[in-house]
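# Structure at a glance
Listed here are the chains, written in short residue letters.
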Amino acid sequence: MKHGTMLTATTTIALTVTLTGCTSNDSDLAAQVLDAIPTTSATQVTLELAEIRPGGWDSYLVVCPYETLESVNERLGFTWDDGPDLTLDDAHQILVLTDADAIEEYATLDRNRIDLCTTEQWSLTEKATPITLIEQDGVWTGSPRNDR
């Protein structure tokens, strides 16, 4: 990747699915996130979760490999009793959408296509905060943007 030649694209997808309002591992959410990544020559994109998945949720959290449920609950600010256990899994990450003191839905994402766990631990992030993704060797890596 040459410096100064990065293309920036903003991805917007219309929602065609209605949220169920229950805690579930939603493969449709995972598919929408992956579909938002362009297949063009762009090397940087902005992932707008609020546009991909509008609805009643207000914050999101990325749960990375080897995290304990206690660590996740601490960052959520409430107890997620049936949350997934990633303490022995480095191939996946979990994208969690929250609404006040509850999990709206979550999706398991394979890290071989999109990896949101390459930098610091994520904190609970407002819905309007985009994720900047950069393509590196065929994998999109991302972190929250703090420039809004």
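The structure under discussion appears in the preceding block.
Heads up: these notes are all about the structure in this document. Counting from 1, residues in each chain are numbered in the order their sequence is written. Local features in a predicted model are, by the rule used here, given only for residues with pLDDT of at least 70; side-chain atom pairs are given and counted only at 80 or more, and totals for whole chains, interfaces and linings are based on all residues. To obtain the side-chain values, all non-hydrogen atoms of the structure were used and water was disregarded.

Let us now look at a negative patch on the surface. Patch membership requires more than 30% relative accessible area and the absence of a salt bridge. Residues of like charge join within 9 Å; the nonpolar side chains Val, Leu, Ile, Met, Phe, Trp and Tyr join within 5 Å. All accessibility values rest on the Shrake-Rupley procedure with a 1.4 Å probe; residue burial counts only the protein chains present in the view. The term salt bridge refers to a pairing of a side-chain nitrogen on Lys or Arg with a carboxyl oxygen on Asp or Glu at a separation within 4 Å. Under the counting rule used here, the positive set is Lys and Arg, the negative set is Asp and Glu, and His together with the chain ends is not counted. Throughout, a charge is located at the NZ atom of Lys, the CZ atom of Arg, the CG atom of Asp or the CD atom of Glu. A contiguous patch of negative charge on the surface is contributed by D58, D99, D101 and E126. For helices the rule is a DSSP run of H or I covering at least 4 residues; for strands it is a run of E covering at least 2, with both sets numbered from the N terminus onward. Along the chain, the position of E126 falls in strand β7 (residues 125-126).

Moving on, we come to the sheet that holds β7. Ordered by their spatial adjacency, four strands build an open sheet running β5-β4-β3-β7, and the pairing between neighbours is antiparallel. Strands with a single pairing partner mark the edges of an open sheet, and in this sheet they are β5 (102-110) and β7. When DSSP finds two or more bridges between two strands, those strands count as paired. The pairing of strand β4 (residues 92-99) with β5 spans eight bridges and is classified as antiparallel. Within β5, the position partnered with D99 by the bridge is A102. Across the face of the sheet, helix α1 (residues 27-35) comes into contact with β4 and β5 while running at roughly 55 degrees to β5. Throughout, a residue-residue contact means that at least one pair of heavy atoms, one from each residue, lies within 4.5 Å. Note on method: axes are straight lines fitted to C-alpha atoms, helices fitted across the in-contact stretch only, with angles between N-to-C directions ranging 0 to 180 degrees.

Note on placement: W80 falls in the loop between α3 (69-76) and β4. Sequence spacing of W80 and L69 is 11 residues, and the spatial spacing of their C-alpha atoms is 7.7 Å.

Here we come to α3. For α3, the complete set of buried residues consists of V72, N73, R75 and L76. Buried residues of α3, viewed axially, fall in a sector of 165 degrees; they line one side. Away from its buried face, by an angle of more than 90 degrees, α3 presents the exposed residues E70 and E74. Where α3 is buried, its residues touch β3 (59-63), β4 and β5. Phi turns positive, to about 90 degrees, at G77, one or two residues after α3. Partly exposed describes any residue whose relative accessible area lies between the buried limit of under 20% and the exposed limit of over 50%, with all areas from a 1.4 Å probe on protein chains only and scaled to the type maximum. It is the directions from the helix axis to the C-beta atoms that the arc portrays.

For Phe, Tyr and Trp, rings pair up if their centres lie within 6.5 Å, where Trp contributes its six-membered ring, and each pair is then called stacked (planes under 30 degrees apart), edge-to-face (over 60) or tilted (otherwise). A complete count under the given rule lists three aromatic pairs for this structure. Pairing Y60 with W122 gives two aromatic rings, centres 6.1 Å apart and planes at 55 degrees, and the pair type is tilted. One end of the pair, Y60, is in strand β3; the other, W122, is in the loop between β6 (114-115) and β7, with 62 residues separating them in the sequence. Note on accessibility: Y60 and W122 belong to one class, buried. Members of the aromatic cluster, connected to one another through ring pairs, are W57, Y60 and W122. Sitting over the face of the ring of W57, K127 holds its NZ or CZ atom 5.0 Å from the ring centroid. Note on criteria: charge over ring means Lys NZ or Arg CZ within 6 Å of the ring centre, with the direction from the centre no more than 35 degrees off the ring normal.

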